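Secondary and tertiary structure notes
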Amino acid sequence: MSNRGDRGKPVAGHGPGPDELIVPGSLGEALQLLRHHSDIGIWGGGTWWLQQSPEVRTGRRILALHAVRELRRVVRTGHHVEIGATVPAGRLLGAGRRFLPAVALDAIRRVGPPPVRNVATLGGAVAIPETILPVTAALQLIDTSVELRRQGNSRWVSMGQFRDPSGTLRIAPGEVVTRLRIPLRTWTHWMIHTYGAPYPAGRPSLTLVGAASMDKTGIDEFRFALLVDGRRQIRLREAETDLVGRAVPLTERDRRTIIASLEDNPIFGSDLDDLGRWRASNGLRNFLLRLE
Ligand SMILES: Cc1cc2nc3c(=O)[nH]c(=O)nc-3n(C[C@H](O)[C@H](O)[C@H](O)COP(=O)(O)OP(=O)(O)OC[C@H]3O[C@@H](n4cnc5c(N)ncnc54)[C@H](O)[C@@H]3O)c2cc1C
C-alpha cells in the first residue's frame, strides 16, 4: 500500500484497484469497523502485506492499526507481561531486555533482520494465516496466550489453541488480536534452531524449539517442539511430563526413551526426509545433553 489515510478517515487507494486504507484512531473505532466489514484486511506492521502480490491487496479494504494507542502498550505485572498487538518486535528487544524471558527475546530477534523487525508487530507475526513463524512456535512453547477482541466480546486463548491441528487460525469474523501475554518465568536452558528458510511461507524448513528450567533436585520443567515447513508441529507432551522431577544428567536410557517419543510421532515419519529426521533427533539429543 502506498497510501496512508488520515486517522479515522477512509481514503481511496492508488494503483490498479479500488483499494481503501482505513486508519482508526481508537480500538473502539477499529472494532466497530471490523463488525461491519469482517472481510477487511488487517495491517499490523505491514511487512507481510508488502510481500504479497498486488492482486492480493487490490480491491481490498485494509484496516491499519498503527494509530490505535491501546495496542501499542507494554504492561508488566508480577507474573506476566502483556504486549499490545502493534508493538514492533524491535522495540521489545530494547524495552523488554530487562524483564522478558531470554528465550522470548531470542525468538523475537528472529522476526527478521532489523529493518523488518523494527516495523513488524508481534500481533502480525502470530496471525499470518499462511504460515507459523519460528517466533510463534517459541512463544507457544512458553505458554504465551493471545487476546482476541471483537465488538462486545473479548477472550484469551493459549497460542496452542489459536490454530487448529492443520495450522489454520481460529479467529472469528470481526475479531482482531489485541494483546499477547507472556508468562514471566526463568528458563535456564533453551534452544531455537531453524534449518532452511522460515520465510516466505511454503518453503521447506525445520525449526526446533526447546525450553527447560532446573532446580536443585533436577528438571523442574521441560518443553520441546518441532515446526515443519511452517505448518505442522510436533510437541512431546507426554515425554515432557515424564521428565519433570528427574535428576540430571539424564541416563542414556532416559534420553533414548524421549528421542523415541519424537520418532514415533506420525509427522516425524511422514513429513521429514532422512536429513530432517537426523537433525530433529540429534537436536533433541544435544538439548538433553545440555541439561545439568
Ligand atoms: C524482508 C523480510 C525478511 C523476513 N525474514 C524473516 C525471518 O528471517 N524469519 C521470520 O520468521 N520471519 C521473517 N519475515 C517475516 C516477518 O516476520 C513477518 O512479515 C512479520 O512478522 C509480520 O508482522 P507484521 O506486523 O508486519 O504483519 P502484517 O504484514 O501487518 O500482517 C501479517 C498478517 O497478520 C494479520 N494481522 C496483523 N495484525 C493483526 C492483528 N492485530 N490481528 C489479527 N490479524 C492481524 C494480517 O492481516 C496479515 O494476514 C521477513 C519478512 C520480510 C519482509
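Only a predicted model underlies this, so the values are computations on that prediction, with no experimental measurement involved. (Residues numbered from 1 in each chain as written. Predicted model: local features only at pLDDT ≥ 70, side-chain atom pairs only at ≥ 80, totals over all residues. Heavy atoms only, no water.)

All right, on to the site of the ligand then. Surrounding the ligand, one finds 29 residues, the nearest of these being Ile42, Gly44, Thr47, Val111 and Thr121. One nitrogen or oxygen atom from the main chain of Gly45 is found 2.7 Å from an oxygen atom belonging to the ligand. One of the backbone N or O atoms of Gly46 is found 2.8 Å from an oxygen atom in the ligand. Relative to its unbound accessible area of 980 Å², the ligand is 87% covered by the protein chains. When residues of the shell around the ligand are traced back to their parent elements, those giving at least two are β3 (41-43), α2 (47-51), α7 (122-126) and β9 (176-183). Among the elements that make up the shell around the ligand, the one with the highest residue count is α2 (4 residues). (Near = heavy atom within 4 Å. Polar contact = N/O pair within 3.5 Å; in protein donor to acceptor, adjacent residues only side chain to side chain. Areas by Shrake-Rupley, 256 points an atom, 1.4 Å probe, with all protein chains shown as cover. Helix = DSSP H or I, 4+ residues; strand = E, 2+ residues; numbered from the N terminus.)

This brings us to the domain arrangement of the protein. Size of an interface, as often reported, equals the accessible area lost when the parts are brought together. Assigned domains within the protein: domain 1 (10-64), domain 2 (71-183) and domain 3 (189-290). Spacing between the C-alpha centres of domain 1 and domain 2 amounts to 20 Å. The interface is formed by 11 residues belonging to domain 1 together with 15 residues belonging to domain 2. Carbon and sulfur atoms supply 72% of the area buried between domain 1 and domain 2, which totals about 1100 Å² over both sides. For the interface between domain 1 and domain 2, the tally reads 1 residue pair in polar contact (both at pLDDT 80 or more). Secondary-structure elements contributing two or more residues to the side of domain 1 that touches domain 2 are α1 (27-36) and α2. For the side of domain 1 that touches domain 2, the leading source of residues is α1, giving 5 residues. Partitioning the side of domain 1 that touches domain 2 into residue classes produces 5 nonpolar, 5 polar and 1 charged. (Domains from an automatic or database assignment. Contact = heavy atoms within 4.5 Å. Buried area = accessible area lost by both parts, 1.4 Å probe. Nonpolar A, V, L, I, M, F, W, Y, C, P; charged D, E, K, R; others polar.)

Packing of helix α10 (residues 252-263) against helix α12 (residues 274-290) leaves a shortest axis separation of 10 Å and a crossing angle of 145°. In this structure, the crossing between α10 and α12 has a hand that is right-handed. Facing α10, whose interface residues are Glu252, Arg255, Arg256, Ile258, Ile259, Leu262 and Glu263, α12 presents Ala280, Ser281, Leu284, Arg285, Leu288 and Leu289. Tallied by class, the residues present in the contact of α10 with α12 amount to 7 nonpolar, 1 polar and 5 charged. (Axes fitted to C-alpha atoms, helices over the stretch in contact; angles between N-to-C directions. Left-handed = near helix turned anticlockwise from the far one by under 90°.)

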